[in-house]
Amino acid sequence: MSEDLQTYANGALIAGINLSVQFGSQQVLREINLSVPRGQTLAIIGESGCGKTVLLKTLIGLVRPSSGRVEFDHGDISQLNERALTALRVRYGFVFQSAALFDSMTIGQNVAFPLRQHRSFSPAEIEEIVHERLAEVGLPDSIVEKKPAELSGGMRKRVGLARALVLDPELMLYDEPTTGLDPIMSDVINELILRTRRRYTVTSILVTHDMRTARKVADRVMMLYPLARRGRDESQVLFDGPPSQLERSEDRLVTQFVRGEARDRLMEMRSEGDLAS
Amino acid sequence: MSTGASPSEIDRRLPTPAALHDWVADWGRVVVESMEAVGDFAIFGWQTLVWTFVKKPQRETILPNFYQVGVLSLPVVALTGTFIGMVLAVQSHFQFRSLGLETQLGAVINMSLVRELGPVLAATMLAGRVGSSMAAELGTMRVTEQIDALESMGANPIHYLVVPRLLACLFLIPALTIMADFMGVVGGYFYSVAILGIDKHHYWYNSEQFVGSFDFSVGIIKSLAFGVAIAIVSCHRGFHCTPGAEGVGRAATASFVYSFVLILGLDLMIGIALDMVYYSLWPGGVRISI
C-alpha cells in the first residue's frame, strides 16, 4: 500500500483501501478508497445497482473484498479471528434496508437480541433498556409483544434503528433508511439519524438515493457509478465532497443524478436497445 | 476401409476449432462449478461440526427446533410406520402363501422394517416435513437479510441457526426411527394375525429367530447419518438461497431432492459397511437375539 493511502486511512475510524469486490465474473467495486473520520456522517449515493450496499457490507466484513482491505480503528479487519471480529461488531450498529427484524421473535426480543448476545444484564435491566430505546425512536411500549409482521414499514425501520443503537455503537451504518417510506416518515427517520448523531456522537455511513436525506444528514457525500458503464481507466467514484458542492459539480452525471434528470441515461438505454425510441 | 464420404463432407462432420473450444469451455465450467459446490458444502459441513463443539448452543434456539423436529414429526412418522408394516404384510403374504411360508411373515416384515424401511421412511418424512421447512425458513431469512443481521450483531449464523437444527435432527431421528419401527411391527402384526389369521406364536417365534439386536443397531446407525445429512443439506440450501419467492421455493425443493438422494446413497454404503463389520465379527453368521 502506498504511503499516501496509509496517511489517508490514519485519521479515520473506518477506511477502505483499494477495495475491489467481484461476484463470479461480475465486478461490482473497483479500487475504492474511502476514509471516514470519527464523528463524520458520510452519505454514499448513486443509482440502483452501483454497489452502494455491497460497499457498506464490505466495510463491516459481511462481504469479503476480492482485493484491498478495510481498517477499523487502525486494525485490518481481514486479519481478525472470529472472536475479535465478534468483539468488533459490537462497536457498530447496522440498520438494514428492509429492517431485517427476526420474524420469529417479538419486537422486544428483537431489540434485546444484541444485549442477550453480548451483555450479562438481568431480564429486568434488559426490559428497561428495550423500553428506553423504543421510546427514543418514538415507539410505544405496547408494541413490545408484537411480531414484526404486525408493524408498518416506518415502525419496522424505527425498531431496526432501536436494535442497532442498543449496544451504544461507535459507528452507525444505514442501508437506504428512507426507501419505501412516505415523505413524512422519511423525515422522521432523517431526524432520528441526526438526533442519534447528536446524542451518541457516532460516526455514520448511510447509503441512499434519496437526495433530501443526503443533504439533510450528511457532512460529506460520495457518489458511486455502476462499473459496467465506466471505462477501464475511469474511477467509479464520481464525487466526494460536501453536499453543498453537489450542484456545482462539473460532472454532468453527478448533477443529473442530483436533479433527477434521466437525459443521458435515456440516451444510453436507447443506444443499448433497452428502450424503444 | 473407405467410408464413402468426400473430403468436404468429412470437414463438415468434424467440429471446428471454435466449436471444440466452446465444448471444452462448457464442460470445464460444469466441472469447476460442481467442484466449487461440493467444496462449499464440505466447508459448510465442517464449520457446522466445529461450531457444534466450540460453543454450547443457546437454550432458546434448541427447544423450538427439538419441538419442531421431534414432537411435530411424531404423528406422521407413526402413521407412515403403521401403514408400511401393513403393506409389507399384504405384499409378503401374497408371495409367501404360494410357498406355504406364511408363518415366516414376522421375520420378513420385522427384518425389513428395522434394517431398511423404518430408518429410510422416518428420514424421508423428516426430509420432506422438516428439511424443506428449514430450507424455506433459512432461505427467507437469507433473502430478507436476517442472516446478515445476525452476523452484523456478532452472532455466528452457523452457530445460531444451523447447530440447533443439526442437534435436533441428530438426537431425535433415532427416536423417530424407533417409533416408525414400533408402529410398523404393530401394523404388520395386526394385519398378519388379526386379518390374515396367521398363528401369533409362530409369527413372533420366527421374528425372534431372525431379527437381532445387530439388525436394530444397523437401523439406528443409519438414522444418525440420515439426520446429519438432512440437517446440513437443508441448512446449506437455505443459506445459499437465491433472491425472490422462486429462490425460496427452489431451495425447499432442492433440500428434499438432495437429502433424499443422500439418504439412499448413505443407506447403501452404510448397509455394505455394517455387513462387512458383521461378517468380520461373526464369520459364521451368528446372531445375537434381542
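Considerations on the pairing of strand β9 (residues 220-224) of chain A
All names here are of chain A. Of all the five residues making up β9, four are buried; the element is thus mostly covered by neighbouring parts of the structure. The pairing of strand β3 (residues 41-45) with β9 spans four bridges and is parallel. Bridging across to β9, Leu42 finds its partner in Arg220.

Here we look at the environment of Ser78 of chain A
Residue and element names in this part refer to chain A. The residue Ser78 is located in the loop between β5 (75-76) and α3 (82-89) in this model. Between the alpha carbons of Ser78 and Gly61 there is a distance of 7.6 Å; along the sequence they are 17 residues apart. For Ser78, the residues in contact, after removing those within four places along its chain, are Arg69 and Val70.

Some words on the domain arrangement of chain A
All names here are of chain A. For chain A, the assigned domains read domain 1 (1-91 + 171-180 + 198-277) and domain 2 (100-168). Centre-to-centre, using C-alpha coordinates, domain 1 lies 29 Å away from domain 2. Of the residues in the side of domain 1 that touches domain 2, the class split is four nonpolar, one polar and no charged.

A closer look at the sheet that holds strand β8 (residues 203-207) of chain A
The strands making up a sheet associate through hydrogen bonds between their backbones, and the pairing can be parallel or antiparallel. Residue and element names in this part refer to chain A. An order of β6-β7-β8-β3-β9-β10 is seen for the six strands of this open sheet, with the pairing classed as mixed. Edge positions in the open sheet fall to β6 (92-95) and β10 (237-241), since each of these has one partner strand only. Each strand of the sheet is rotated relative to its neighbour by a mean of 10°, with strand direction disregarded. Summarising the sheet, β6 and strand β7 (residues 171-175) pair through four bridges and their orientation is parallel. From the neighbouring strand, Phe94 faces β7, where its bridge partner is Leu173. Contacting β6 and β7, helix α6 (residues 153-165) runs over the sheet at an angle of about 170° to β6.

Quick word on unusual backbone geometry
Residue and element names in this part refer to chain A. Positioned with a positive phi, Ala99 is a non-glycine residue whose angle comes to about 75°. Along the chain, Ala99 falls in the loop between β6 and α4 (107-118). A count of 26 C-beta atoms within 10 Å places Ala99 in the buried class. Even without being glycine, Asp168 reaches a positive phi, approximately 50°. The topology assignment puts Asp168 in the loop between α6 and β7. Owing to 10 C-beta atoms within 10 Å, Asp168 belongs among the exposed residues under this scheme.

Quick word on the pairing of β8 of chain A
Taken residue by residue, a regular strand's side chains alternate between the two faces of the sheet. Residue and element names in this part refer to chain A. With five of five residues buried, β8 lies mostly within the body of the structure. By the bridge criterion, four bridges tie β3 to β8 in an arrangement that is parallel. When the sheet's bridge partners are listed, Ile44 is paired in β8 with Val207. After leaving β7, the chain enters helix α7 (residues 183-200) and then returns to the sheet as β8, a path that is right-handed.

Cut-offs used in this document
Residues numbered from 1 in each chain as written. Chains lettered and ligands numbered in written order. Predicted model: local features only at pLDDT ≥ 70, side-chain atom pairs only at ≥ 80, totals over all residues. Buried ≥ 20, exposed ≤ 12 C-beta atoms within 10 Å, placed from the backbone. Helix = DSSP H or I, 4+ residues; strand = E, 2+ residues; numbered from the N terminus. Pairing = 2+ DSSP bridges. Contact = placed C-beta atoms within 7 Å. Domains from an automatic or database assignment. Nonpolar A, V, L, I, M, F, W, Y, C, P; charged D, E, K, R; others polar. Axes fitted to C-alpha atoms, helices over the stretch in contact; angles between N-to-C directions. Right-handed = clockwise from strand over helix to strand, strands pointing away.

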